[in-house]
Amino acid sequence: MAVASETIAVAVRPHHTLWGDAIVRLRRNKLAMAGMGFIILLSLLAIFAPLLTPYGFAQQNYSDILLGPSSKHLLGTDQLGRDTFARLLYGARTSLSVGIFTQFIVLSIGLPIGAIAGYAGGRTDNFIMRFVDVMYAFPDLLLVILLSSVFYGTRFGGSIYMLFLAIGLVAWVNISRLVRGQILSLKTRDFVSAARAMGGMGRYLTVRHLLPNSLGPVIVSITFNIPRAIFTEAALSYIGIGVKPPTPSWGAMIQDGFGLIFAKPYMLLFPAIALALLMLSFTFVGDGLRDALDPKLRR
Amino acid sequence: MKKRTIIFSLMAILVVLSLIFTSCGTGTTGTKPGKLTDPQEIRLNLGGEGNTIDPNRASWTNERSVIMQCFDGLLAFKPDLSLTPMVAKDIPTLANKGISADGKTYTFKLKTNVTWSDGTKVTAKDFEYSIKRLFSPDLAAEYTSFYFNIVGGEAYYSATDKTAAQKTALKDAIAVKAKDDYTLEIKLNDPLPTFLNLLALWPAYPLRQDIIEKYGDQWTQPPNYIGNGPFVLTEWVQQDHYTFVRNEKYWGTKPYLTKITFLEITDANVCLAGYKNNEHDQAGVPGGTEKAIMADPVLSKEIVRYAQLSTYGMQFNVTKAPYNNKTLRQALATAIDRVAYVDKVRGGVGKPATSWIPPGMPGYDATLGQQYTFNPTKAKELLAQAGYADPKTLKIKFQYANSGTNPTLAAFLQAQMKDNLGVDLTLEPMEPKAYSALWNTKQFDIGFTGWGADYPDPDNWLPQFYGTGAGNNKTGYSSVEFDAIAAKALKELNETKRLQLWADAHKIVVDDCPTAYFVYRETFVLKKPWVKGQVTTGMDGSIAGDMFLREVYIQK
Amino acid sequence: MFRFIVRRFLWLLLVLFVVLLITFILMHLVPGGPWDREKPLAAKVVVALNKRYGLDQPLWEQFARYIGGVVHGDLGISYSYSDRNVTSILLRGLPKTATLGVLAFILAQAIGIPFGMAAALRQNTAVDYASVLFSTIFASIPGFVLGILMMIVLSVMLHWLPTSGWGSVRQIIMPVICLAALPAAQSARITRASTLEVMRQDYVRTARSKGLKESVVRVRHIFRNSLIPVVTVAGPELANLITGSFIVENLFAIPGVGRLFVQGIYARDYSLIMGGVLFYAFTIALLNLAVDVMYATIDPRIRYD
């Protein structure tokens, strides 16, 4: 009996792409969703700050100096009578931008460099890694200060873009090393040989297979880079080459609060807690992303 | 029975009397305190290490604080800042022929019992060596220009590219001579009534030629650091602490303290924490916390506050538009509510200032500068007069070093300009070094700076700040009238006339407003109750009361 | 392997040279110099000082002289502490900074790695959540905030520990904890992440299905392979600790290299800055080399040409 083309019902799973699958899994992660929610909430608060508080962030009121939280000032006032809640809201803008935009610079430099080095191997790898070594050998604080000081002397000095540039230029090194390390170990894995056997070469291989699999530690690293970038901004503000006043930033507020810790400890606590919450959020989101993107967990 | 009572009473009285007499004046340690049973040791915070503790080369207050404990000069300042002879027997005057009739020759007679901490005698040669060394072109000392009136000094100092032989010749030509072991003669180019003050300052402390020549740069390391002062530096762990012990061979009244430690904690919060933890006996407080400390039940009793002899203000670069417009400067100066700043923001620490010379200094005039008392209406009028009826057309910038209380001050100023005049003040905080560079090269717009007295006289305040082309004149201010008066005042031997001339000069400067004066600073520190005998002056170094640590004693 | 190390060492020297060159150039581009003070110096003094330190010579000559000195071990005289030379300053600070860094590193790994692994092995249990909480909290607090909080509680309120200084064991406790907090948190997170990943690998499943005891699986397979990303970060982390401990050193008044170095930057002390960069760069480069060697040892799949 000749069996013609019989269609056999086979349980075939619907085809998910890596990213589509990731989003599904991410949605299920409660902590990550909470974190993302907080970040979005904070961004909205920051954008609509003028509607949320009657006070300007630079508005000084000398009869209301260093007051505690009250109905008039939700979170109290600072040493010049400026409303703390208002400064936190406007400061969120600065801190969020610094944290996030520096990572764009970090990724756009670090990822390609690390990937090329890892994949190409040999002399290219060596050359790139030596260049990375040079960058790496610099004490970051020194380099950021030097770069910022040099920028500060130019026309653009003190602008927030210079800040992004200075911090980003120093921070990409970690990522590139991480990516390279990951790619080096992944290169020898079976799925890579399989993909090669199927004819995939170079860029296709890197982008489609190697990079997504390297992303785990990269993402973890980024979520730690964000607080680092914000702290770096605080250090620069302390020296005088951070964001120009009267623009508030949480880093600068923490610095101010630090000096007043024996007088009014809450001046330090409010921005520190705000910052900690933001970091927690980024961390949960980062964790969630990593789990979501892990191809091993795909079903 | 009665006899025995009498005898016992007599014996009791004798015992009590002898106790009283032995507790008073234990040798040379003074008579103020009763019996001192506690270890006479004190721990203070210097806050930061200076570059050098070589008296000729030092200029920072934290360097001065160290040097002052180990050396005594020809003259010294009393707590009221008048001069008193120290190594010198008397203060030279016209009457005792210490000063020549033309005011150009000074003769000092030294005490014969003054010794170094290793026992050798201090002679006039030690002073001659030190002052000549101060002018050495290879030393590049920083306070030398103050002494340029000494004949031959400036010539030697400028001889950086001459041969060794030429340098030696110039050095020998300096008119500072040890006529004999205990007589020192100094000749000046011009009479200078305030010259004696300079001999109470640290660059003129005596130095040991043999030690410096033997050890070179290492002479400032203990045990080579030999001085003739009440304390000896026995230990210097760099960046960590200095330890001084009492100079047991001290020629004068020995201090009570047997040990002093200067720590180097740069963070004011840590310093305060250490104070609360009883690790230091005195501490400064982080700026902005003064109000809270005054409200604290325990700490409020330990506050020591007194006026420093210092003034701070906004300097205009009068060579740059729009600051060359006098009316504009006056407008800006009148738009600042100094009282609000001092009372509200700084909790009452400091005093509003409308003139240059601070209270406590001869030459201080409380009536001067009243036209700049805060008055927003008047300020707006002046602004319009200056040509800026529409404040939006005025663009001004304020540059400052981003440290200490400056950021708060800058933010305050910005708000003042906006609220009172409608003017936008752009703030440019800078790293301290970058700011100094901008300042020294006169490229700033409005800068923030001040001055603290080296010695209590107007000629330490006026000529080099506001004289045309003077060393410290970074505002670019130049007034023919001022220069004329200053030139006369520097040489005027009649004290009343001299002070009047300086008062006139002061008035000219205040009216022309190259600087909008802001605040007279006040020292505000905490001191443990067992530290007694402290004497503070407006000219202290980095540590409150460090000019007279020899008077301090501990009593718990 | 030996040739590899030698080649890398030579590269290290070249890297140091380039680093010094870039630092030198940047330093001279930054506004302000060593003689810019609040009380300005007379012009003559500045000229004399410049001559004394050779600052009046053309830049390339200054650099060449400096490199010449370095080769002989002479790092020049400090501009801010004019009686001392840079080498002695750095050497004096080095033991303190190194002790602080190494102790903090050990503490960080001793806490971080076990925490991270335990969290991964017991994923989604209380241990896991505790570990994540711990690591996120300590990654979110700036070092100086943690330091001052510790100081307030442990010194001012409880009087258990001295607030600052260096010399006794009690004085080291707070700075080390403060410095170790962030790296411990990072170690925990990265260890957890990589352990999780390894656990899902096929060879782990194979080992388990072979019937090996869980503890053997853990030690022989999971442990070793989890360490790769940890090593990647740990090596430079140690370098960072040793050199970047400025905040902690400044706060606790510890006279180490970090504190000296950043003060040198503020003071534009050219020779101290160059000396610090040299020391720092050398340390990091050396540690990178060590990391690469360890890579090859740990992961047999990585081979170098």
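It should be emphasised that the depicted structure is a prediction, and the values quoted were computed from it without experimental measurement.

Conventions adopted
- Going along each chain's sequence as written, the residues are numbered from 1 onward.
- Each chain takes a letter, starting from A, and each ligand takes a number, starting from 1, following the order in which they are written.
- Since the coordinates come from a predicted model, pLDDT governs what is reported: local features require at least 70, and pairs of side-chain atoms require 80 or more to be given and counted, while whole-chain, interface and lining totals use all residues.
- Put simply, DSSP marks the helices as runs of H or I at least four residues long and the strands as runs of E at least two long, and each gets a number from the N terminus on.
- Between the buried cut of 20 or more and the exposed cut of 12 or fewer other C-beta atoms within 10 Å of a residue's own C-beta lies the partly exposed class, and all C-beta atoms are placed from the backbone.
- Residue pairs are scored as contacts if the distance between their C-beta atoms, which are placed from the backbone, is within 7 Å.
- Two strands pair under a simple rule: DSSP has to find at least two bridges between them.
- In this description, a line fitted to the C-alpha atoms serves as the axis of each element, helices being fitted only across the stretch in contact, and the angle between N-to-C directions of two axes falls anywhere from 0 to 180 degrees.
- The hand of a helix crossing depends on one turn: near helix anticlockwise from the far one by less than a right angle means left-handed, and clockwise means right-handed.
- As a working rule, the residues Ala, Val, Leu, Ile, Met, Phe, Trp, Tyr, Cys and Pro are called nonpolar, Asp, Glu, Lys and Arg charged, and the rest polar, with Gly in that last group.
- Multiply 1.5 Å by the residue count of a helix minus one, and that product is the helix's expected span.
- Bend, in this description, refers to the angle at a residue between axes fitted to the seven residues ending there and the seven starting there.
- A set of buried residues drawn from Ala, Val, Leu, Ile, Met, Phe, Trp, Tyr and Cys, joined through C-beta atoms within 7 Å, is what defines a nonpolar core.
- Per residue, pLDDT captures the predictor's confidence, and it can take any value from 0 to 100.
- Should an angle fall under 35 degrees it is taken as roughly parallel, and over 145 as roughly antiparallel, whereas 65 to 115 is taken as roughly perpendicular and any remaining angle as oblique.

A. Molecular detail of the overall build of chain A. Scanning chain A from N- to C-terminus turns up 11 helices and 0 strands. Mapped from its N terminus to its C terminus, chain A presents α and β elements in the order α-α-α-α-α-α-α-α-α-α-α. Expressed as a percentage of its 299 residues, the buried residues of chain A come to 53%. Of the contacts made within chain A by residues no fewer than 6 positions apart, 68% connect residues no fewer than 24 positions apart.

B. Expanded view of the sheet that holds strand β4 (residues 105-109) of chain B. All names here are of chain B. In spatial order, the strands read β4-β6-β5; together these 3 strands make up an open sheet with antiparallel pairing. The open sheet terminates on both sides in strands that have one partner only, identified here as β4 and β5 (176-180). Across this sheet, the average inter-strand angle for adjacent strands is 20°, counted without regard to direction. Where β5 and strand β6 (residues 183-187) come together, 4 bridges link them in antiparallel fashion. Directly across from A178, in β6, lies its bridge partner L184. Contacts from helix α3 (residues 124-134) reach β5 and β6 within the one sheet, and its direction differs from that of β5 by about 170°.

C. Representation of the packing of helix α4 (residues 84-120) of chain A against helix α7 (residues 160-187) of chain A. Residue and element names in this part refer to chain A. Interaxial distance between α4 and α7 falls to 5 Å at its minimum, and their mutual angle equals 35°. Handedness of the crossing formed by α4 with α7: right-handed. Considered class by class, the residues forming the contact of α4 with α7 number 23 nonpolar, 7 polar and 2 charged.

D. Highlighting the interface of chain A and chain C. The interface is formed by 40 residues belonging to chain A together with 43 residues belonging to chain C. Counting only elements with at least two residues in the side of chain A that touches chain C, the list comes to α5 (122-137), α6 (140-152), α7, α9 (202-239), α10 (250-259) and α11 (266-293) of chain A. Top element by residues in the side of chain A that touches chain C is α11 of chain A. It accounts for 8 residues. When grouped by side-chain class, the residues that make up the side of chain A that touches chain C number 27 nonpolar, 8 polar and 5 charged.

E. Quick look at the pairing of strand β13 (residues 395-401) of chain B. Residue and element names in this part refer to chain B. In this sheet, strand β14 (residues 424-430) lies alongside β13 in parallel orientation, the contact comprising 7 bridges. The partner of K397 across the bridge, within β14, is T426. Two strands pair when backbone bridges link them, and β13 and strand β15 (residues 446-452) are joined in this way by 2 bridges, in the parallel orientation. Its bridge partner lying in β15, Q399 is registered against G447.

F. Main features of the interface of chain B and chain A. Facing the 24 residues of chain B at the interface are 21 residues of chain A. Mapped by element, the contributors of at least two residues to the side of chain B that touches chain A are α8 (268-276), α9 (290-295), α11 (338-345), α13 (406-421) and β14 of chain B. Ranked by residues supplied to the side of chain B that touches chain A, first place goes to α13 of chain B with 7 residues. Partitioned by chemical class, the residues of the side of chain B that touches chain A number 14 nonpolar, 7 polar and 3 charged.

G. Just helix α4 (residues 86-121) of chain C, in detail. For α4 of chain C, built from 36 residues, the straight-helix expectation of 52 Å at 1.5 Å per residue is met to within 8% by its first-to-last C-alpha distance of 50 Å. Its axis deflected by about 35° at L94 of chain C, α4 of chain C carries its strongest bend there, up to four residues before the proline P95 of chain C.

H. View of the environment of G73 of chain C. All names here are of chain C. Structurally, the position occupied by G73 is in the loop between α3 (59-71) and α4. Look at G73 and you get exposed, because 7 C-beta atoms sit within 10 Å. For the pair formed by G73 and P162, sequence separation is 89 residues and the distance between their alpha carbons is 38 Å.

I. Inspection of unusual backbone geometry at higher detail. All names here are of chain B. With an omega of 0°, the peptide bond running from P222 to P223 counts as cis. Here P223 is to be found in the loop between α7 (209-215) and β7 (231-237). Omega for the peptide link from A321 to P322 comes to -5°, which places this bond in the cis form. Tracing the sequence through the fold places P322 in the loop between β11 (303-316) and α10 (326-334). A positive phi is found at K97, a non-glycine position, where the angle reads about 65°. Topologically, K97 is positioned in the loop between β3 (83-85) and β4. Positive phi is not limited to glycine here, since N278 has a value of about 60°. Counting through the fold element by element, N278 comes out in the loop between α8 and β10 (282-284). Overall, the presence of 12 C-beta atoms within 10 Å leaves N278 in the exposed class.

J. Main features of the sheet that holds strand β1 (residues 41-45) of chain B. All names here are of chain B. Here we have 4 strands laid out as an open sheet, ordered β1-β9-β8-β7, and mixed in their pairing. At either margin of the open sheet sits one strand with a lone partner, and together these are β1 and β7. Within the sheet, the average angular offset between the axes of one strand and its neighbour, ignoring direction, is 20°. As judged from the 5 bridges shared by β1 and strand β9 (residues 259-263), these two strands associate in the parallel manner. Bridging from a neighbouring strand, I42 pairs with I260 of β9. Together, β7, β8 (241-246) and β9 form the strand contacts of helix α2 (residues 61-70), whose direction differs from that of β7 by roughly 140°.

K. Main features of the nonpolar core. Counting 325 residues, the largest nonpolar core has A137 and I254 of chain A, L74 and A505 of chain B together with V145, A181 and V277 of chain C as its most contacted members. For this core, the element with the most residues is helix α7 (residues 169-199) of chain C, which contributes 16 residues. Not counting residues up to four positions away in its chain, the partners in contact with V145 of chain C are I254, F258, L268 and A272 of chain A.

L. Representation of the environment of N402 of chain B within the structure. Inspection of the secondary structure puts N402 of chain B in the loop between β13 and α13. Note: C-alpha distance between N402 of chain B and T354 of chain B (48 residues apart in sequence) is 24 Å.

M. Quick peek at the confidence of the model for chain A. Scored by pLDDT, chain A comes out at a mean of 76, with 79% of its residues at no less than 70. For residues 1-7 of chain A, every residue scores under 50 in pLDDT, and the model assigns this stretch 0 contacts once sequence neighbours within four places are set aside.

N. Molecular detail of the confidence of the model for chain B. All names here are of chain B. Summarising the model, chain B shows a mean pLDDT of 88, and 94% of its residues fall at 70 or more. Note on residues 11-31: pLDDT is under 50 here. Beyond four places in sequence and across chains, it has 10 contacts. Across the interfaces of the predicted complex, the ipTM metric reaches 0.77, alongside a pTM of 0.81.

O. Spotlight on the packing of helix α5 (residues 126-140) of chain C against α7 of chain C. All names here are of chain C. One way to put it is that α5 packs onto α7 with a least axis distance of 8 Å and a crossing angle of 140°. When the interaxial angle is binned, α5 and α7 end up oblique. The interaxial crossing formed by α5 with α7 has left-handed handedness. Seen from α5, the contacting residues are S131, F134, S135, F138 and A139; seen from α7, they are A181, L182, A184, A185, Q186, A188, R189 and R192. A breakdown of the residues in the contact of α5 with α7 according to their chemical character gives 8 nonpolar, 3 polar and 2 charged.

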